[in-house]
Amino acid sequence: MKVSVVIPAHNEHESLPVVIRNIYKQVPDCEVLVVDDGSTDGTAEAAKSAGARVIKHPYNIGNGAAVKTGIRHADGDIIVLMDGDGQHDPEDIPDLLKQSEHFDMVVGARKPGTHANILRRMANAVYNTLASLVTGVKIKDLTSG
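Scoring rules and cut-offs
Residues numbered from 1 in each chain as written. Predicted model: local features only at pLDDT ≥ 70, side-chain atom pairs only at ≥ 80, totals over all residues. Heavy atoms only, no water. Pairing = 2+ DSSP bridges. Helix = DSSP H or I, 4+ residues; strand = E, 2+ residues; numbered from the N terminus. Axes fitted to C-alpha atoms, helices over the stretch in contact; angles between N-to-C directions. Contact = heavy atoms within 4.5 Å. Core = buried A, V, L, I, M, F, W, Y, C linked by side-chain atoms within 4.5 Å. Buried < 20%, exposed > 50% of the residue type's maximum accessible area, 1.4 Å probe, protein only.

Engineer: Give a detailed account of the sheet that holds strand β1 (residues 3-9), specifying residues and quantitative values.
Structural biologist: In spatial order, the strands read β3-β2-β1-β4; together these 4 strands make up an open sheet with parallel pairing. Two strands lie at the open edges of the sheet, namely β3 (53-57) and β4 (78-81), each paired on one side alone. Going from strand to strand, the sheet's axes swing by 20 degrees on average, the running direction of each strand aside. In the sheet, β1 pairs with β4 via 4 bridges, with the strands oriented parallel. Within β4, the residue paired with valine 6 across the bridge is leucine 81. Sitting on the sheet, helix α1 (residues 16-26) touches β1 and β2 (31-37), and the angle it makes with β1 is about 170 degrees. Where helix α3 (residues 63-73) meets the sheet, it contacts β1, β2, β3 and β4, and its direction lies at approximately 145 degrees from that of β2.

See below:
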């Protein structure tokens, strides 16, 4: 099965090359597709130079739209979503792919403190608790993916 890694990105030229290189270390034959969501800092060029295929939005439409664009253009049978800022660890991809053999969808949970500011982390903790209560399943990171 072919794997596509979709990365929505906005002004991430500094972190993207490292993220992309680390993805290829974990899944050498994957497709890395970066959706440059109206960046003004050289994000597209940085992604291309690291080996990614790039699709550009003419202006910033938002993360959700960039994810949709990436999924629509991905060639893989399995799609992995990652952020371009390094908050997701490419070393987790093999474990996610292994789990995907048993499930239709696998969502990784970010480690506390690796994303957002303290207020967003607190709000996310409330959302995680509510979603866990409603579903009866422990949800560690509702906003991941």
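Engineer: Give a detailed account of the nonpolar core, specifying residues and quantitative values.
Structural biologist: Ranked by internal contacts, the top residues of the largest apolar core, which has 21 residues, are Val5, Ile7, Ile20, Ile23, Val32, Val34 and Ile93. Elements supplying a minimum of two residues to this core: β1, α1, β2, α2 (43-49) and α4 (93-99). Leaving out residues up to four positions away in the same chain, isoleucine 23 has contacts with Val5, Ile7, Cys30, Val32, Met82, Pro90 and Ile93.

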